[in-house]
Structures are given as C-alpha cells and as structure tokens.
Amino acid sequence: MGSTGPLAGVLVCCSGIAVEERQRVRELVHELGGGYAADFTERVSVLVTRSVGTAKARAALQCSTPVVRPSWLKACAASALLAPYEAHTPHPLEGLTVTATGLDEREKLQVADKVSRLGKVHHC
C-alpha cells in the first residue's frame, strides 16, 4: 500500500466487476495510495462491487466491511479525500435478478414495485 494519498492504509477488494473494469479499479486504488487484494480477507478495508449477491459481498457484510459501488473510488479521486461510504453503498437488491413466476399480473406488479425501491433489479 502507498503511504500517501486518500487511500493510504486502505486495502480494497473487488467483486462482481468485469475484468477490464477490475484492472482500472486496481490502477486507481494504487494511484490513490491504497492497496489491492484479489481475495477477500479480514484485512480488506472496503469491497467495491456492482452486485450485493456475490460471495465476497456477503462475506464483507458479515464482517462489517464497507461495501461500495465503483463510484466511491471516483469520488475519492475527485476530492483527493477518503469519500464517505454511505453515498456509494449499493441498494439491498442491486445487481440481482428477481423473478415472479407463478404470480398473477397484479401480484407481479406489486413485487416489481417493492423490489424497484430496493435497488436496480431486472424483473422476469
């Protein structure tokens, strides 16, 4: 980990992010003075993800490790400060697919409305 920059002392891990974007995340973390870990461990300071449904995201939440969207890194870079996590925390169902098979149309609309309020989801 770098010794200067807004992410000095911060170890970042990714999950649910495409390989190309993951490489950009790793580079930005290093530019901002942080460290990057491919695997989630108790040493990880923050998990960057696009979906809360991954094994790493579940593990991070169980360990009370902050889970944020990639926008958090951009905010850190723009402000040259450690950005607050709260504004970049994924919604509870973000990145997940919800199906409503077997429900009538009224029930499907109710489910769609409720899950839409909990994150960006695809309805089947």
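The shown structure was predicted, so the numbers you read here are calculated from the model rather than taken from an experiment.

1. Observations regarding the overall build of the chain
- Helices and strands together make up the secondary structure of the chain, namely four helices and six strands.
- In the chain, the order of α-helices and β-strands from amino to carboxyl end is β-α-β-β-α-β-α-β-α-β.
- When the backbone C-alpha atoms are referred to their principal axes, the chain occupies close to 60 × 25 × 25 Å.
- For the chain, with 124 residues in total, the buried portion stands at 40%.
- In the chain, of all internal contacts separated by at least 6 residues, the share reaching a separation of at least 24 is 58%.

2. Let's talk about the nonpolar core
- Ranked by internal contacts, the top residues of the largest apolar core, which has 17 residues, are L7, V12, V48, W72 and L73.
- If you list the elements that add at least two residues to this core, you get β1 (11–15), α1 (19–31), β3 (46–49) and α3 (71–79).
- Apart from the residues within four sequence positions on either side, V12 is in contact with V29, G35, Y36, A37, V46, V48 and W72.

3. Some points on the packing of aromatic side chains
- Scanning all chains against the criterion turns up one aromatic pair.
- On the basis of an interplanar angle of 35° and a centroid distance of 5.5 Å, the ring pair of W72 and Y85 is categorised as tilted. With W72 in helix α3 and Y85 in the loop between α3 and β5 (97–98), this residue pair connects regions lying 13 residues apart in the sequence.
- For Y85, a relative accessible area of 23% translates into the label partly exposed.

4. A few points about the pairing of β3
- Going residue by residue along β3, you find V46 and V48 tucked away on one face and L47 and T49 tucked away on the opposite face as well.
- Sheet topology note: the β1/β3 ladder contains four bridges and is parallel. By the bridge assignment, C14 is partnered in β3 with V48.
- One ladder, built from two bridges, connects β3 with strand β4 (residues 67–68); its direction is parallel. Pairing of V48 across the sheet is with V68, part of β4.
- Crossover β3 to β4 through helix α2 (residues 55–62) is right-handed.

The rules we used
- Residues numbered from 1 in each chain as written.
- Predicted model: local features only at pLDDT ≥ 70, side-chain atom pairs only at ≥ 80, totals over all residues.
- Heavy atoms only, no water.
- Helix = DSSP H or I, 4+ residues; strand = E, 2+ residues; numbered from the N terminus.
- Buried < 20%, exposed > 50% of the residue type's maximum accessible area, 1.4 Å probe, protein only.
- Contact = heavy atoms within 4.5 Å.
- Core = buried A, V, L, I, M, F, W, Y, C linked by side-chain atoms within 4.5 Å.
- Phe/Tyr/Trp six-rings, centres within 6.5 Å; stacked < 30°, edge-to-face > 60°.
- Pairing = 2+ DSSP bridges.
- Right-handed = clockwise from strand over helix to strand, strands pointing away.

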